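Results of the structural survey
The residues making up each chain are set out below.
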Amino acid sequence: MTEVISVRFRGGCKNYYFDPRGVQVKMGDQVIVETAQGPEFATCTEGNHEVEDSAIVSPLCAVLRMATDTDRRTVEYNKKKESEAFDICERKIADHGLEMKLVNVSASFDGNKIIFYFTADGRVDFRELVRDLASVFRARIELRQIGVRDEAKMIGGLGICGRPFCCSQFLDSFLPVSIKMAKTQNLSLNPTKISGTCGRLMCCLKYEQNAYEDAVKRMPKVESFVQTPDGPGNVKSVDLLRETVKVSLDSAPEPLKKYHNCEVCVLRNGKGSREGIEIPERPARYVEEHEEESFDATPILATPFYMDSRLEDAPVREKMGVEGSDSGKPRRRHRGGRRSRSGKPAGEGQQPKAENRQPRPNEEKKGGQGGQKPRPPKQQGPKQQPRPEAKAAEGGDSEEAKRRRRPHHRGGRRRSKGGEGGSPAPESE
């Protein structure tokens, strides 16, 4: 393992390793490094770290020093010098009548060398041009012919996707791209749609090529003979991303029906004859499994309000519109208002009942209110004294006691012919 730092030069996307020589460099720091062309100004992209010895190209150049304000002023002066050299070189090219296009100018950090990048369709004799430029700048002049892809990388711009060029953002080298990749991905072979600004095939065709090649191995080819849940047929089109096929059935050629790759059974892959092919039974219809939705929210009540007869949270019951009742069921409201057995509306002249009241002795004998079965007593205590109303009922002296003792569901409510609609009918003995 060797300790190195990664740096990137101006206008480049490739990282280079340099020996820090004990200097602690952080990401974003500007340093002066030694290169084969002399000292250069660079920016650190990754601080001190260790890499394998096999990843290093010997000999490993070293970091000279951290960049100072003087070094930064030198870089700004070189940029102005490059701009002037670009204009002078264009005039010289026009004077000599050379068929070449100047792309960029780069000056070294110490100013002893100037490199001119240009594009041309063929070989260009620029020996006279080099002599004129050397006499003007009094430095070493170098002219380099580059391709259209390198031109787009140096100039930069926006692609058809609306983002900056990949080559000028993160690609450290150009990937080989062929027209076969466009055919595999079912793209239009129109050159204007699959070509970049440089006029070559777009580099992004290489990004998803491996995924498409893997999908092609799993999917049937066009004109394959397949068995579907609706019968045999031929494949007319293939969607690699969704892994679906459109099949022309023998029983109904039109319209084409779409099936998932799991629904079809390939009997013959590609074009050919059907002779000697045994058609198996129809496969079952493929159904995608949907995951059950999980709810994180906890309900206010664990059980429905009509199943719990002992709700103690009154605000929740009022919010949900549930009226309190001993049986746990919502009260049924009668037309005209509910009246008591004495003929008066409920709530007038009566004391409010407690929620947890003790059952009366006569209710235990009758089964309790609401028809519930009486619970067996745990211990037999002393016999309770009957209430005064019950004693009066035995002697037959009180009509009110008879009404209370008589079940209210017998006879119901009757209306007298001459009475009011809301008054109870007289009960016959």
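Structure's up top.
Remember, it's a predicted structure, so these values are computed and weren't measured experimentally.

Parameters at a glance
- Residues numbered from 1 in each chain as written.
- Predicted model: local features only at pLDDT ≥ 70, side-chain atom pairs only at ≥ 80, totals over all residues.
- Heavy atoms only, no water.
- Helix = DSSP H or I, 4+ residues; strand = E, 2+ residues; numbered from the N terminus.
- Buried < 20%, exposed > 50% of the residue type's maximum accessible area, 1.4 Å probe, protein only.
- Contact = heavy atoms within 4.5 Å.
- Areas by Shrake-Rupley, 256 points an atom, 1.4 Å probe, with all protein chains shown as cover.
- Pairing = 2+ DSSP bridges.
- Axes fitted to C-alpha atoms, helices over the stretch in contact; angles between N-to-C directions.
- Polar contact = N/O pair within 3.5 Å; in protein donor to acceptor, adjacent residues only side chain to side chain.
- Phe/Tyr/Trp six-rings, centres within 6.5 Å; stacked < 30°, edge-to-face > 60°.
- Arc of directions from axis to C-beta.
- Left-handed = near helix turned anticlockwise from the far one by under 90°.
- Nonpolar A, V, L, I, M, F, W, Y, C, P; charged D, E, K, R; others polar.
- Salt bridge = Lys/Arg side-chain N within 4 Å of Asp/Glu carboxyl O.

What about the overall build of the chain?
- Along its length, the chain carries 11 helices and 13 strands.
- Burial analysis of the chain (429 residues in total) assigns 27% to the buried set.
- Within the chain, counting contacts between residues at least 6 apart in sequence, those at least 24 apart form 52% of the total.
- About 31700 Å² of surface is accessible on the chain, with carbon and sulfur atoms providing 48% of the total.

Focus on the environment of V130
- With respect to the helices and strands, V130 occurs in helix α2 (residues 127-137).
- With a relative accessible area of 23%, V130 lands in the partly exposed category.
- Spatially, the C-alpha atoms of V130 and R140 are 9.3 Å apart, while their sequence positions differ by 10 residues.
- If sequence neighbours within four positions are ignored, V130 has contacts with I141 and L143.

Side note on the sheet that holds strand β6 (residues 101-107)
- Read from one edge to the other, the open sheet built from 3 strands follows the order β6-β7-β8, with strand pairing classed as mixed. Across the chains shown, the open sheet's two edge strands, defined by having one partner strand only, are β6 and β8 (140-145). Each adjacent strand pair in this sheet contributes to an overall mean axis angle of 20°, direction not counted.
- Bridge analysis of strand β7 (residues 113-119) against β8 gives 6 bridges, and the strand direction is parallel. In the strand pairing of β8, Y117 is matched with R144.
- α2 rests against β7 and β8 of the sheet, and its axis sits at about 140° to β8.
- Each of β6 and β7 is contacted by helix α3 (residues 148-155), which is oriented at about 55° to β6, the strand it contacts most.

A look at the side chain of E82
- Positionally, E82 belongs in helix α1 (residues 69-96).
- Given a relative accessible area of 9%, E82 falls into the buried group.
- Within the structure, E82 has its side chain in polar contact with the backbone nitrogen of A107 (distance 2.8 Å).
- Sequence-distant contacts of E82, defined by excluding residues within four places in its chain, comprise R10, V105, S106 and A107.

Points about the packing of aromatic side chains
- Following the criterion strictly, the structure yields 4 aromatic pairs and no others.
- Plain terms: the ring middles of F9 and F18 are 6.3 Å apart, the flat faces sit at 80° to each other, and that makes the pair edge-to-face.
- Residue classification places F9 among the partly exposed positions, given a relative accessible area of 22%.
- Between the aromatic rings of F118 and F126, the centroid separation amounts to 5.7 Å while the plane-to-plane angle is 70°, which identifies the pairing as edge-to-face.
- The exposure class of F118 is buried, given its relative accessible area of 1%.
- Classification of F126 by relative accessible area gives partly exposed; the value is 24%.
- Joined through ring pairs, the aromatic side chains of F9, Y16 and F18 make up one cluster.

A short note on the environment of G11
- With respect to the helices and strands, the residue G11 is situated in the loop between β1 (2-9) and β2 (16-18).
- For G11, a relative accessible area of 73% puts it in the exposed group.
- Considered as a pair, G11 and K153 are 142 residues apart in the sequence and their alpha carbons are 8.8 Å apart.

Some details on helix α7 (residues 209-218)
- Looking only at α7, the buried set comprises Q209, Y212 and A215. Down the axis of α7, the buried set is contained in an arc of 125°. They therefore lie on one face. Exposed and oriented more than 90 degrees from the buried face of α7 are N210, A211 and K217.

Examining the packing of α1 against α2
- The contact between α1 and α2 brings their axes to 10 Å, and the two run at 145°. Between α1 and α2 lies a crossing of right-handed hand. Residues A85, I88, C89, K92, I93 and H96 of α1 lie in contact with α2, whose contacting residues are E128, L129, D132, L133, V136 and F137.
- For the contact of α1 with α2, the class distribution of residues is 8 nonpolar, 1 polar and 3 charged.

Side note on the pattern of salt bridges
- Across all of its chains, the model carries 14 salt bridges by this definition.
- Between K113 and E142 there is a salt bridge, with its nearest N and O atoms 2.7 Å apart. In this pair, K113 sits in strand β7 while E142 sits in strand β8, placing the two residues 29 residues apart along the sequence.
- R218 is paired through a salt bridge with E243; the nearest N and O atoms lie 2.4 Å apart.

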